[in-house]
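# Analysis of the macromolecular model
For reference, the chains in residue letters:
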Amino acid sequence: MSHRVSARYDLYGLHLAAVMLAGTALFSKLIPLPALDITSLRGAIAALGLLLVLLLRGARLRLPSARHYAAMLAGGMLFAVHWMSYFYAMQISTVAVGVVALLTFPVITAVIEPLLLERRAPSRHALLAGAVVLAGVTLIGVESGLAGNVPLGLAVGVFSATLYTLRNLLQRRFLEGVSGPQIMLYQSAITALLFAPFLDVSPSALTPATWGLLLLLGTVFTAVPHTLIAHGLRRINATGVAFILALQVPYATALAALILAEIPGPLAITGGGLVVFGSLYATVQNRRANPPVTAGDASPD
């Protein structure tokens with residue numbers, strides 16, 4: 001398979017991941033557990049599922065070097081706190097507020113990736129797309145109002161978005177040569193271990209229905225989309241990935257309307273349209289400016 005075709009499949013995979021990650025927002029309301037408990041159990045289930053898949057495939061589990069282990073540990077810790085703070089933001093406010101705040105990460109990425117990894121100023125295309133996406137998520141946030149815990153939810157969500165951006169940049173810079181499933185296996189396990197000492201789950205809360213939701217979250221809605229993202233980061237820079245994943249805003253809005261009966265108003269619909277436009281514009285510009293690379297991208301699996 002040519003690198004061009006591989007990059008195209010990575011792009012399709014990222015769009016699928018955006019849909020699936022939009023669905024994870026629903027679990028913050030559907031699973032009757034604190035955010036920390038959900039995060040730790042989610043990580044454990046995802047890690048066990050990925051370990052089983054990799055063992056059945058005979059894939060390599062060891063990392064190439066000590067540097068990779070250090071980067072994996074740092075990335076895993078960033079990822080763990082990102083997961084927990086994202087769920088906490090939605091639990092203390094609303095699904096819409098949490099998703100809107102998290103989806104500021106394309107703007108954050110567009111600004112800091114060139115500065116940190118490429119030693120140059122952000123492109124005007126990235127800044128323009130970032131402004132459009134920021135306007136879109138702002139409209140969705142405005143419709144939610146500023147009552148109750150919404151400001152705190154937005155602040156925690158933006159904090160989560162910053163951690164997610166840093167994790168993606170670290171992964172792209174220091175985890176070359178590591179497959180997507182390997183990355184998710186290690187980082188899911190780190191997440192589970194980091195929060196395990198703080199678990200406080202009563203047996204009565206872990207009903208069959210709760211376990212079913214946790215299994216669904218940890219496998220279909222976690223291991224699969226994050227593995228697709230890890231694959232995509234091999235050939236598409238973090239800014240391009242970020243803008244594709246910004247499509248979670250309209251996806252999550254639609255899912256919340258269908259499943260949680262959170263019907264979007266005109267501002268949310270307009271904001272979702274702006275996010276879609278900004279994301280597609282950034283994707284096109286990113287592909288023109290950064291054609292798929294061929295060196296160092298071979299996956300060990």
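Residues numbered from 1 in each chain as written. Predicted model: local features only at pLDDT ≥ 70, side-chain atom pairs only at ≥ 80, totals over all residues. Heavy atoms only, no water.

## Brief notes about the packing of helix H3 (residues 66-92) against helix H7 (residues 150-174)
In contact at an axis separation of 8 Å, H3 and H7 are set at 160 degrees when each is read in the N-to-C sense. Taken as axis vectors, H3 and H7 run roughly antiparallel relative to one another. H3 and H7 meet at a crossing whose hand is left-handed. For the contact of H3 with H7, a count of residues per class yields 17 nonpolar, seven polar and two charged. (Axes fitted to C-alpha atoms, helices over the stretch in contact; angles between N-to-C directions. Helix = DSSP H or I, 4+ residues; strand = E, 2+ residues; numbered from the N terminus. Parallel < 35°, antiparallel > 145°, perpendicular 65-115°, else oblique. Left-handed = near helix turned anticlockwise from the far one by under 90°. Nonpolar A, V, L, I, M, F, W, Y, C, P; charged D, E, K, R; others polar.)

## Focus: the packing of aromatic side chains
Under the counting rule described, the total for this entry stands at five aromatic pairs. Measuring from ring centre to ring centre gives 5.9 Å for Tyr86 and Phe87, while their planes differ by 80 degrees; the resulting arrangement is edge-to-face. Assigned by exposure class, Tyr86 and Phe87 land together as buried. Consider the rings of Phe105 and Tyr164, whose centres lie 5.0 Å apart with planes at 85 degrees: the pair is edge-to-face. Remark: Tyr164 occurs in helix H7 and Phe105 occurs in helix H5 (residues 105-118); sequence separation between them is 59 residues. Relative accessible area serves as the criterion here: at 3%, Tyr164 is assigned to the buried category. Positioned over the ring face of Phe174 is Arg173, at 4.9 Å from the centre of the ring. (Phe/Tyr/Trp six-rings, centres within 6.5 Å; stacked < 30°, edge-to-face > 60°. Buried < 20%, exposed > 50% of the residue type's maximum accessible area, 1.4 Å probe, protein only. Lys NZ or Arg CZ within 6 Å of the ring centre and 35° of its normal.)

## Notes on helix H9 (residues 208-232)
For H9, with 25 residues, the first-to-last C-alpha span of 35 Å sits near the 36 Å given by 1.5 Å per residue. A bend of about 30 degrees at Thr222 is the largest found in H9, and the proline Pro225 appears one to four places after it. (Expected span 1.5 Å × (residues − 1). Bend = angle between axes of the 7 residues up to and from the residue.)

## Section: empty space enclosed by the protein
Empty space among the atoms can be located by rolling a probe the size of a water molecule over them. Considering all chains together, one arrives at one cavity of 30 Å³ or more under this definition. Taken as a whole, the largest cavity encloses approximately 90 Å³ of empty space. Leu21, Thr24, Arg42, His82, Trp83, Tyr86, Leu102, Tyr164, His226, Leu245 and Gln248 together form the lining of the largest cavity. Secondary structure elements with two or more residues in the lining of the largest cavity: helix H1 (3-30) and H3. (1 Å grid on protein atoms, 1.4 Å probe; cavity = no way out; pocket = protein on both sides within 12 Å on 5 of 7 lines; lining within 4 Å. Points joined across faces, edges and corners; volume = space filled by probe spheres on them.)

## What to know about the nonpolar core
Counting residues in hydrophobic clusters, the biggest one holds 61 residues, and the most contacted among them are Val99, Leu103 and Ile229. The dominant element in this core, judged by the number of residues it contributes, is H1, at eight residues. The contact partners of Ile229, leaving out residues within four places of it in the chain, are Leu14, Ala17, Leu21, Tyr164, Val241 and Leu245. Grouped together as the second largest cluster of nonpolar side chains are nine residues, Ala71, Leu175, Val178 and Ala230 included. (Core = buried A, V, L, I, M, F, W, Y, C linked by side-chain atoms within 4.5 Å. Contact = heavy atoms within 4.5 Å.)

## Details of the side chain of Ser40
As for its position among the elements, Ser40 is in helix H2 (residues 35-57). Here Ser40 is in contact with Ala192, Phe195, Ala196 and Leu199, once residues within four sequence places are set aside.

## Re the packing of H2 against H9
The description of two packed helices rests on the angle between their axes and on the distance between the axes. For the pair H2 and H9, the least separation of the axes is 8 Å and the interaxial angle reads 65 degrees. For H2 against H9, the interelement crossing comes out right-handed. Facing Ile38, Leu41, Arg42, Ile45, Ala46 and Leu50 of H2, the residues of H9 in contact are Trp211, Leu214, Leu215, Leu217, Gly218, Thr219, Phe221, Thr222, Ala223, His226 and Thr227. A class-by-class count of the residues in the contact of H2 with H9 yields 11 nonpolar, five polar and one charged.

## Things to note about the environment of Gly141
Mapping Gly141 onto the fold places it in helix H6 (residues 124-144). Gly141 gets classed as buried once you look at its relative accessible area, which sits at 13%. Each C-alpha atom, one on Gly141 and one on Leu267, is 8.9 Å from the other, the two residues being 126 residues apart in sequence.

## Considerations on the confidence of the model for the protein chain
Here the protein chain averages 82 in pLDDT, while 90% of its residues score no lower than 70. Confidence, read as mean pLDDT per element, is least for helix H12 (residues 266-289) in the protein chain (75) and greatest for H3 (94). Within the model, the stretch residues 292-301 combines pLDDT values under 50 with 22 contacts to residues more than four positions away or in other chains. (pLDDT = per-residue confidence, 0-100.)

## Digging into the side chain of Ser93
Examined against the element boundaries, Ser93 turns out to sit in the loop between H3 and helix H4 (95-102). What makes Ser93 buried here is its relative accessible area of 13%. A polar side-chain atom of Ser93 sits 2.5 Å from the main-chain carbonyl oxygen of Ala89. Those residues in contact with Ser93 that lie beyond four places of it in its chain are Lys29, Gly98, Asn149, Val150 and Gly153. (Polar contact = N/O pair within 3.5 Å; in protein donor to acceptor, adjacent residues only side chain to side chain.)

## Observations concerning the environment of Leu63
Looking at the secondary structure, you find Leu63 in the loop between H2 and H3. Sequence-wise, Leu63 and Leu11 are 52 residues apart; in three dimensions their C-alpha atoms are separated by 26 Å. What Leu63 contacts, discounting residues up to four positions off in sequence, is His68, Tyr69, Met72, Val178, Gln182 and Tyr186.

## A closer look at a nonpolar patch on the surface
On the surface, Val111, Leu115, Leu116, Leu117, Leu127 and Leu166 cluster together into a nonpolar patch covering about 450 Å² of accessible area. Among the elements that line the nonpolar patch, the one with the most residues is H5, at four residues. Positionally, Val111 belongs in helix H5. (Patch = residues over 30% accessible without salt bridge, like charges linked within 9 Å, V, L, I, M, F, W, Y side chains within 5 Å. Areas by Shrake-Rupley, 256 points an atom, 1.4 Å probe, with all protein chains shown as cover. Salt bridge = Lys/Arg side-chain N within 4 Å of Asp/Glu carboxyl O.)

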